[in-house]
Amino acid sequence: MIEKLLVAVDGSGHSLKAVEYAATIAAACKAKLLILTVLKPRQVPKVSDALRKYAELEHIEGTDYEAMKLLSSDLLAHAEGVAREKGATDVEKLVESGPVARTVVDIARRKKVDIIVLGSRGLGNIEATLRGGVSHRVELLSKCPVLTVK
């Protein structure tokens, strides 16, 4: 029985499709859905000019890391809306930082999830080509089942 699912989102189309699948499963199983986004530590100091302008327009003050967390909260709120439209009722949102694949697997272990749901492609296609995709690394590292959504 699936009682808890973890879906990782990065704003890509594949990750939002993964939210739809995870939410549909969560609704059918009456399971808790954890929606996670992971900030890569090396990206936090490198906030783009466009992101800085957006933060200024939204009156987001503080460090780049704080701005990234707040913007990640917007992404999670959107993903939560998608999940609720698909019938998920018990939804928790998480923002973490660290190496993406290892952080996803670590959160899944700590939260004792039954299945991890991921998009097959995220925003980092060049990195995926050079080092292997996040979904592939999560599949290798995870002790629980992983559903990869195309």
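Structure's up top.
In this text the structure is predicted, and so the values were computed from the model without any measurement.

**Let's talk about the overall build of the protein**
When helices and strands are counted, the protein shows six helices and five strands. If you list the helices and strands of the protein from N to C, you get β-α-β-α-α-β-α-β-α-α-β. Looking at the protein residue by residue over its 150 residues, the buried ones come to 41%. Long-range pairs, those at least 24 residues apart, make up 75% of the contacts in the protein between residues at least 6 apart in sequence. Surface exposure of the protein reaches about 8,600 Å², of which carbon and sulfur atoms provide 53%.

**Description of the nonpolar core**
Where a protein is soluble and globular, its nonpolar side chains tend to be buried together. Membership of the largest hydrophobic core comes to 21 residues, with the highest contact counts inside it found for Leu5, Val7, Leu33 and Ile35. Every element with two or more residues in this core is listed here: strand E1 (4-8), helix H1 (13-29), strand E2 (32-39), helix H3 (64-85) and strand E4 (115-119).

**Description of the side chain of Glu80**
Residue placement: Glu80 occurs in helix H3. Excluding its chain neighbours within four sequence positions, the residues that come into contact with Glu80 are Ile35, Val91 and Lys93.

**Observations concerning the packing of helix H4 (residues 100-111) against helix H6 (residues 134-141)**
A pair of packed helices is captured by two measures, namely the crossing angle of their axes and the spacing between those axes. Following both chains from N to C, one finds H4 and H6 inclined at 45°, their axes separated by 9 Å at the closest point. In terms of orientation, H4 lies oblique with respect to H6. You can see that H4 and H6 cross each other, and the crossing is right-handed. For the pair H4 and H6, contact is made by Val100, Ala101, Arg102, Val104 and Val105 and by Val134, Arg137, Val138 and Leu141, respectively.

**Digging into the sheet that holds strand E3 (residues 90-97)**
Within a beta sheet, neighbouring strands are joined by backbone hydrogen bonds and run either parallel or antiparallel to one another. Pairing in this open sheet of five strands is parallel, and the strands run E3-E2-E1-E4-E5 from one edge to the other. Strand pairing shows two members of the sheet lacking a second neighbour, E3 and strand E5 (146-149), which therefore form its edges. Each neighbouring strand pair of the sheet contributes to a mean axis angle of 20°, computed without reference to strand direction. Where H1 meets the sheet, its contacts fall on E1, E2, E4 and E5, and the angle it forms with E1 comes to roughly 170°.

**Points about the pairing of E4**
Among the five residues that make up E4, five are buried, leaving the element largely enclosed by the rest of the structure. Taking every second residue as pointing to the same face, both faces of E4 are buried, with Ile115, Val117 and Gly119 on one and Ile116 and Leu118 on the other. One ladder, built from three bridges, connects E1 with E4; its direction is parallel. Directly across from Leu6, in E4, lies its bridge partner Ile116. Judged from the four bridges that link them, E4 and E5 form a sheet pairing that is parallel. Note on E5: the bridge partner recorded for Gly119 is Val149.

**A short note on H4**
For H4, with twelve residues, the first-to-last C-alpha span of 16 Å sits near the 16 Å given by 1.5 Å per residue. For H4, the complete set of buried residues consists of Val100, Ala101, Thr103, Val104, Val105, Ile107 and Ala108. The inward-facing, buried residues of H4 contact E1, E2, E3, E4 and H6. Following H4 by one or two positions, Lys112 has its phi on the positive side, about 55°.

Analysis parameters
- Residues numbered from 1 in each chain as written.
- Predicted model: local features only at pLDDT ≥ 70, side-chain atom pairs only at ≥ 80, totals over all residues.
- Heavy atoms only, no water.
- Helix = DSSP H or I, 4+ residues; strand = E, 2+ residues; numbered from the N terminus.
- Buried < 20%, exposed > 50% of the residue type's maximum accessible area, 1.4 Å probe, protein only.
- Contact = heavy atoms within 4.5 Å.
- Areas by Shrake-Rupley, 256 points an atom, 1.4 Å probe, with all protein chains shown as cover.
- Core = buried A, V, L, I, M, F, W, Y, C linked by side-chain atoms within 4.5 Å.
- Axes fitted to C-alpha atoms, helices over the stretch in contact; angles between N-to-C directions.
- Parallel < 35°, antiparallel > 145°, perpendicular 65-115°, else oblique.
- Left-handed = near helix turned anticlockwise from the far one by under 90°.
- Pairing = 2+ DSSP bridges.
- Expected span 1.5 Å × (residues − 1).

So far we have only geometry, and geometry alone does not tell us how the molecule works.
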